[in-house]
Amino acid sequence: MIENGEYIFYADESGDHSLVSVDAEYPIFVLNICGFRISDYCRKIVPAFQTVKFRHFGHDMVVLHERDIRKQFGPFSILTNADTRTAFLADMSHAVQTARFRIFSVVIDKRELKSELLQENPYSLALRFLVEEIFRFLRQRQVQEKRYFFVFEKRGNKEDIDLELEFRRIADGQNSYRQTFPGFNIVFGDKRANSTGLQIADLTARPTGLKYLRPAQPNKAFAIIEPKFQKLRKPKGVSKAISTIYGP
């Protein structure tokens, strides 16, 4: 049996991966995979986010969702009060800033992708590149032979089946390394499962996309997570639409 690795990976995206209709206001697809050392995740990160929830809501059933926080929907309607909003955002910023994790990120510009002769599904393109980069990250540490789990949020039965098939194709050898990643496994979690890792991944995705679209615009959320981006290799031999704007 393969030994469990010391890392866990949580993924979330921003924007849709359809090439049929491209939103002029947000013509990109972002996939972020956040990698945590399991010991840090259990001992420090989860307790820190639970503390924020209890402090501001009195319970830990609240799911931290970037869009709901930004729009002040549901339980986040308390943020219409300026003092409450300031205190909550300060605590959230501190929790994210002090959490130790790495962000593996890729942006697909769908405008560029549509102009290419061989168009590929943006999700598949982003997933393959990031899974390869995570394999490279683990191989540099000589721990690539261990077992790792990649957690994705459930989106729907068909979408989840398609994603799992694509993930398994990559892990089975359809990657630029032309080798299998036998310890790589995919897991789906419902948003209601209240996974801290999935929530953190969600909080990082849109700020990443906005930084790509409007790099000169002030972006406080991105400034907090910027030091956490893993430097990735520059994509070669793949679509010109793929960007690792935080790489070397």
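It should be noted that the structure appears before, not after, this text.
Residues numbered from 1 in each chain as written. Predicted model: local features only at pLDDT ≥ 70, side-chain atom pairs only at ≥ 80, totals over all residues. Heavy atoms only, no water.

Caption draft 1: The nonpolar core, seen in detail. Counting 37 residues, the largest nonpolar core has Phe9, Ile108, Leu127, Leu138, Phe150 and Phe184 as its most contacted members. Elements represented by at least two residues in this core include exactly β1 (7–14), β2 (28–37), β3 (102–109), α5 (122–140), β4 (148–153), α6 (157–171) and β5 (184–189). No other element matches the 11 residues that α5 contributes to this core. When sequence neighbours within four positions are dropped, the list of residues in contact with Phe9 reads Ile33, Cys34, Gly35, Phe104, Ile134, Leu138, Tyr148, Phe149, Phe150 and Val151. (Core = buried A, V, L, I, M, F, W, Y, C linked by side-chain atoms within 4.5 Å. Buried < 20%, exposed > 50% of the residue type's maximum accessible area, 1.4 Å probe, protein only. Helix = DSSP H or I, 4+ residues; strand = E, 2+ residues; numbered from the N terminus. Contact = heavy atoms within 4.5 Å.)

Caption draft 2: Highlighting the pairing of β3. Counting buried positions over the eight residues of β3 gives seven, a clear majority of the element. Where β2 and β3 come together, eight bridges link them in antiparallel fashion. By the bridge assignment, Asn32 is partnered in β3 with Ser105. Both β3 and strand β6 (residues 242–243) contribute to a ladder of two bridges, which runs antiparallel. The residue of β6 that forms the bridge with Ile108 is Ile242. (Pairing = 2+ DSSP bridges.)

Caption draft 3: Representation of the state of the cysteines in the model. Enumeration over the complete set of coordinates arrives at zero disulfides. Lacking any disulfide linkage, Cys34 is separated from the closest cysteine sulfur, that of Cys42, by 16 Å. (Disulfide = S-S within 2.5 Å.)

Caption draft 4: Quick peek at α5. Along its 19 residues, α5 runs 27 Å from first to last C-alpha, staying within 8% of the 27 Å computed at 1.5 Å per residue. The opening residue of α5, the one whose side-chain oxygen lies 2.7 Å from the backbone nitrogen of Tyr123, is Asn121. Of the residues one or two after α5, Gln142 is the one with positive phi, at around 60 degrees. (Expected span 1.5 Å × (residues − 1). Polar contact = N/O pair within 3.5 Å; in protein donor to acceptor, adjacent residues only side chain to side chain.)

Caption draft 5: Spotlight on the sheet that holds β5. Pairing is mixed in the open sheet, where six strands are placed in the order β5-β4-β1-β2-β3-β6. Either end of the sheet is taken by a strand with one partner, and the two such strands are β5 and β6. Sheet strands in contact with α5 are β1, β2, β3, β4, β5 and β6, and its direction is about 150 degrees off that of β3. Packing against the sheet, α6 makes contact with β4 and β5, and its axis sits at approximately 165 degrees to β5. (Axes fitted to C-alpha atoms, helices over the stretch in contact; angles between N-to-C directions.)

Caption draft 6: Up close: the packing of helix α1 (residues 38–57) against helix α3 (residues 82–98). At their nearest, the axes of α1 and α3 sit 10 Å apart, and the two run at 175 degrees to each other. One element, α1, and the other, α3, form an angle in the roughly antiparallel class. Of α3, the residues touching α1 (which contributes Phe49, Val52, Arg55, His56 and Phe57) are Ala87, Phe88, Asp91, Met92, Ala95 and Val96. Here the residues of the contact of α1 with α3 sort into eight nonpolar, one polar and two charged. (Parallel < 35°, antiparallel > 145°, perpendicular 65-115°, else oblique. Nonpolar A, V, L, I, M, F, W, Y, C, P; charged D, E, K, R; others polar.)

Caption draft 7: Structural detail: α6. When the terminal C-alpha atoms of α6 are compared, their 21 Å separation across 15 residues agrees well with the 21 Å that a helix rising 1.5 Å per residue should span. Buried residues along α6 sit against α5, β4 and β5. Phi turns positive one or two residues past the end of α6, at Gly173, with a value near 125 degrees.

Caption draft 8: How the structure looks around unusual backbone geometry. Of note, Gln72 is a non-glycine position whose phi angle comes to about 60 degrees, a positive value. Considering the arrangement of structural elements, one finds Gln72 in the loop between α2 (66–71) and α3. Look at Gln142: it is not a glycine, yet its phi comes out positive at around 60 degrees. If you trace the backbone, Gln142 turns up in the loop between α5 and β4. For Gln142, a relative accessible area of 72% corresponds to the exposed category.

Caption draft 9: Representation of the packing of aromatic side chains in the model. Following the criterion strictly, the structure yields 23 aromatic pairs and no others. Ring centres of Tyr10 and Tyr41 lie 5.4 Å apart, and the angle between their planes is 25 degrees; on these two criteria the pair is classed as stacked. Taken together, the residues Tyr10 in strand β1 and Tyr41 in helix α1 connect sequence positions 31 residues apart. Judged on exposure class, the residue Tyr10 and its partner Tyr41 are both buried. When the ring of Phe135 is compared with that of Phe181, the centres are 4.2 Å apart and the planes differ by 15 degrees; the resulting orientation is stacked. (Phe/Tyr/Trp six-rings, centres within 6.5 Å; stacked < 30°, edge-to-face > 60°.)

From the geometry alone we can't say anything about function, so treat these as descriptive.
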